[in-house]
Amino acid sequence: EAAAEKLAEVLHIEKDEVALKLQNRSSLFEVLKKRISEEEAQNIQELKLAGAYVGEEQVRSYPQAALAAHVAGFTNQDGQGQYGVEEHLDGVLEGKEGIKAADGADIVLTLDYNIQSVAESLLEKAQASLGIEEGTIIVMDPSSGKILALASRPTFDPNEYSKVEHLALFQNPAIQKIHEPGSIFKPITMGAALDAGAVTPQTTFVDEGTVRIGGSTITNYDQRVWGKRTMTEVLEFSINTGAVFAERKLGHEKFLEYLEKFGIFEPTNIELAGEVFSRNTEFKKGYEVNFSTAAFGQGIEMTPMQIVRAFSAIANSGILVNPSIVEGNQDGKREQVISPRTASQVTSMLISVVQSGFAKTAQIPGYHIAGKTGTAQISWSALGVAKSGYSDKTIQSFIGYAPAFDPRFLILVKLDNPATRTAEYSAVPIFHDLAKYIIDYYQIPPDYIVE
């Protein structure tokens, strides 16, 4: 009783818990507490209790705490990798025991510490100022596929993983959560239509505000009617009916072929545990309305990492690259999805989106920025509600790259249900701040001189 009382006081645990372990005669020893502080260790030794010992063991430590926690993952009490790189490359990291013992290999990530820190800081501010439920930022070098930053909120401290109450917090939203991307998907549709020769950037159509398909009616944001517009203006002003027009000109079969080329129906195979992807079985049923809504990013599902990979083809002269987070692993297959000419055309259109459309706050003087906003409705089914249709909640995103015609980085900002109406006021300013930081950090020369 006396020993239990003293130990409980020093270790800051319940006396009954200690007493129970002291009375256990079926084991040779009992662990009272792991990862004790230096002060607790000293106090135990000063008690000089017969049979009470302080031991040492090697454990995994994460000096940067929550920084890139979803990328790193953690090791459990048995030293096994859980989530992230720790789980995916556990066999490489752990080494071998026995007569032919071998140390585990070192893994060097492609993440840039400074860019990662700024990305996480921006998401933290978005939690406070915009009240986002969840947020993800991915920064990639579109020519190599190297992931320079992968930040998510809310997050956790891998040193204190046992204190996390909901296991969903360990999931990496960039690769383990599927969503409908909304209008950031329109450049994929447009790129396919341009590449097939179905439209040009100057092709016009007349928007009457709605497109009726059977019993369904497709409208534009805010019920706007835009009249006669070019395909460039379709992207500038994010006209849903214009995206439907481009998809119909392309044809459903060709649209499907291009989506497969852009990697929408397969995982990215990035070196992180637990990657998921949607087979998009509902979309592939081939109904007219499915193709029409998919043209502007609704009714088609993917992960943030998949949309980043798809956009790499536009930013990288038409060549799709596979995202990678481990240094030296950038030798994956590369596929020419669209022609260099098409990629250049879409890039010019996306520059117009930033200069003349709904993404003006993404502008950085001296640099051509290519990008697209997206405000997607969240379906009831995605929220776990057995109900058809869409809720009032939104996913607001912006994806862009710079310098537009020779990109050094590509950024996706995805915010779940921020307290703003559209991405123009939520995701775009975050993109601007991060892009400006990277341009200054990399000391990228300007595209043109600002008077």
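Residues numbered from 1 in each chain as written. Predicted model: local features only at pLDDT ≥ 70, side-chain atom pairs only at ≥ 80, totals over all residues. Heavy atoms only, no water.

Asks: Would you explain helix α7 (residues 113-130) in this entry?
Replies: Residues that lie three or four places apart on an α-helix share one face, since the helix turns once every 3.6 residues. Here α7 spans 25 Å end to end across 18 residues, near enough to the 26 Å set by a 1.5 Å rise per residue. Of all the positions in α7, only Ile115, Gln116, Ala119, Glu120, Leu122, Leu123, Ala126 and Leu130 are classed as buried. The arc enclosing the buried residues of α7, seen along the axis, measures out at 155 degrees, which places them on a common side. Exposed and oriented more than 90 degrees from the buried face of α7 are Lys125, Ala128 and Ser129. For α7, the N-terminal capping position is held by Asp112, with its side-chain oxygen 3.0 Å away from the main-chain nitrogen of Asn114. Taken from the residues just after α7, Gly131 is the one with a positive phi, measuring 65 degrees. (Helix = DSSP H or I, 4+ residues; strand = E, 2+ residues; numbered from the N terminus. Expected span 1.5 Å × (residues − 1). Buried < 20%, exposed > 50% of the residue type's maximum accessible area, 1.4 Å probe, protein only. Arc of directions from axis to C-beta. Polar contact = N/O pair within 3.5 Å; in protein donor to acceptor, adjacent residues only side chain to side chain.)

Asks: Would you take a moment to explain the nonpolar core for this structure?
Replies: A general tendency of soluble globular proteins is for nonpolar side chains to be buried together. In this structure, Val139, Ile325 and Ile411 are the most contacted members of the largest nonpolar core, which totals 101 residues. Excluding anything up to four places from it in sequence, Ile325 contacts Val71, Val85, Val108, Leu109, Thr110, Leu111, Ile147, Leu150, Ile270, Glu271 and Leu272. Grouped together as the second largest cluster of nonpolar side chains are nine residues, Leu7, Leu11, Val18 and Ile44 included. (Core = buried A, V, L, I, M, F, W, Y, C linked by side-chain atoms within 4.5 Å. Contact = heavy atoms within 4.5 Å.)

Asks: Would you mind going over helix α1 (residues 2-11) with me for this structure?
Replies: Taken residue by residue, α1 has Ala4, Leu7, Ala8, Val10 and Leu11 as its buried positions. For α1, the angular spread of buried residues about the axis comes to 165 degrees, placing them on one side. α1 presents Ala2 and Glu9 as exposed residues on the side facing more than 90 degrees away from its buried surface. Contacts from the buried residues of α1 go to α2 (15-22) and α3 (38-47). One or two positions beyond α1, positive phi appears at His12, with a value near 60 degrees.

Asks: Explanation requested: a nonpolar patch on the surface in the structure shown.
Replies: On the surface, Leu28, Phe29 and Val31 cluster together into a nonpolar patch covering about 400 Å² of accessible area. When you line up the elements, Leu28 lands in the loop between α2 and α3. Relative accessible area serves as the criterion here: at 89%, Leu28 is assigned to the exposed category. (Patch = residues over 30% accessible without salt bridge, like charges linked within 9 Å, V, L, I, M, F, W, Y side chains within 5 Å. Areas by Shrake-Rupley, 256 points an atom, 1.4 Å probe, with all protein chains shown as cover. Salt bridge = Lys/Arg side-chain N within 4 Å of Asp/Glu carboxyl O.)

Asks: For this particular structure, what's the right way to read the packing of aromatic side chains?
Replies: The relation between two aromatic rings is expressed through the spacing of the ring centres and the mutual angle of the planes. Scanning the model with the defined rule gives 17 aromatic pairs in all. Sitting over the face of the ring of Trp226, Arg224 holds its NZ or CZ atom 4.0 Å from the ring centroid. Of note, Lys284 hangs over the ring of Phe265, and the distance from its end group to the ring centre comes to 4.1 Å. (Phe/Tyr/Trp six-rings, centres within 6.5 Å; stacked < 30°, edge-to-face > 60°. Lys NZ or Arg CZ within 6 Å of the ring centre and 35° of its normal.)

Asks: What is the right way to read the pairing of strand β4 (residues 147-153) from this model?
Replies: The side chains of a regular strand alternate, first on one face of the sheet and then on the other. With seven of its seven residues buried, β4 lies for the most part within the structure. What sits between the antiparallel neighbours strand β3 (residues 134-140) and β4 is a turn of six residues, in which Gly145 has the positive phi angle 90 degrees. (Pairing = 2+ DSSP bridges.)

Asks: Please explain the environment of Ser144 as it appears in this structure.
Replies: One can find Ser144 in the loop between β3 and β4. In the structure, Ser144 is positioned 62 residues away from Gln82 in sequence and 27 Å away in space, judged by C-alpha atoms. Apart from residues no more than four positions distant in its own chain, Ser144 is found in contact with Val321, Asn322, Gln330 and Arg334.

Asks: Any chance you could explain the sheet that holds strand β13 (residues 409-416) here in plain terms?
Replies: Strand pairing within a sheet occurs via backbone hydrogen bonds; the two strands may be parallel or antiparallel. Pairing within the open sheet is antiparallel, and its five strands lie in the order β4-β3-β13-β12-β11. Each edge of the open sheet carries a strand with a single partner, namely β4 and β11 (370-379). Strand after strand, the sheet turns through a mean of 10 degrees between neighbouring axes, direction not considered. Pairing geometry for β3 and β4, over six bridges, is antiparallel. Directly across from Val139, in β4, lies its bridge partner Ala149. Contacting β3, β4, β12 (390-402) and β13, helix α14 (residues 304-315) runs over the sheet at an angle of about 145 degrees to β13. Across the sheet, helix α16 (residues 427-442) touches β3, β4, β11, β12 and β13, and the angle it forms with β13 is around 150 degrees. (Axes fitted to C-alpha atoms, helices over the stretch in contact; angles between N-to-C directions.)

Asks: When you look at the pattern of salt bridges in this model, what are you seeing that I'm missing?
Replies: Opposite charge on two side chains makes pairing possible when the charged atoms of those side chains draw close. Tallied over the full model, the rule gives 18 salt bridges. Salt-bridge contacts for Lys15 lead to Glu5; the nearest nitrogen and oxygen are separated by 3.8 Å. With Lys15 in helix α2 and Glu5 in helix α1, this residue pair connects regions lying ten residues apart in the sequence. Residue Lys15 is classed as partly exposed on the basis of its relative accessible area, which comes to 29%. We classify Glu5 as partly exposed; its relative accessible area is 47%. Taking the shortest distance from any N to any O, the salt bridge between Glu327 and Lys146 comes out at 2.6 Å. Separated by 181 residues along the polypeptide, Glu327 in the loop between β9 (319-320) and β10 (335-336) and Lys146 in the loop between β3 and β4 bring together distant segments of the chain. Owing to a relative accessible area of 37%, Glu327 belongs among the partly exposed residues under this scheme. By relative accessible area, which is 25% here, Lys146 ends up partly exposed. One salt-bridge network, in which partners are shared between bridges, spans Glu1, Glu5 and Lys15.

Asks: Can you help me understand the packing of α14 against helix α15 (residues 340-356) in this one?
Replies: When two helices pack together, their arrangement is given by the angle between their axes and by how far apart the axes lie. Across the interface, α14 lies against α15 with an axial gap of 8 Å and an inter-helix angle of 105 degrees. On the basis of their axis angle, the class for α14 and α15 is roughly perpendicular. Residues Phe311, Ala313 and Ile314 of α14 form the contact with α15, whose own contacting residues are Ala343, Val346, Thr347 and Leu350. Here the contact of α14 with α15 is built from residues that sort into six nonpolar, one polar and no charged. (Parallel < 35°, antiparallel > 145°, perpendicular 65-115°, else oblique. Nonpolar A, V, L, I, M, F, W, Y, C, P; charged D, E, K, R; others polar.)

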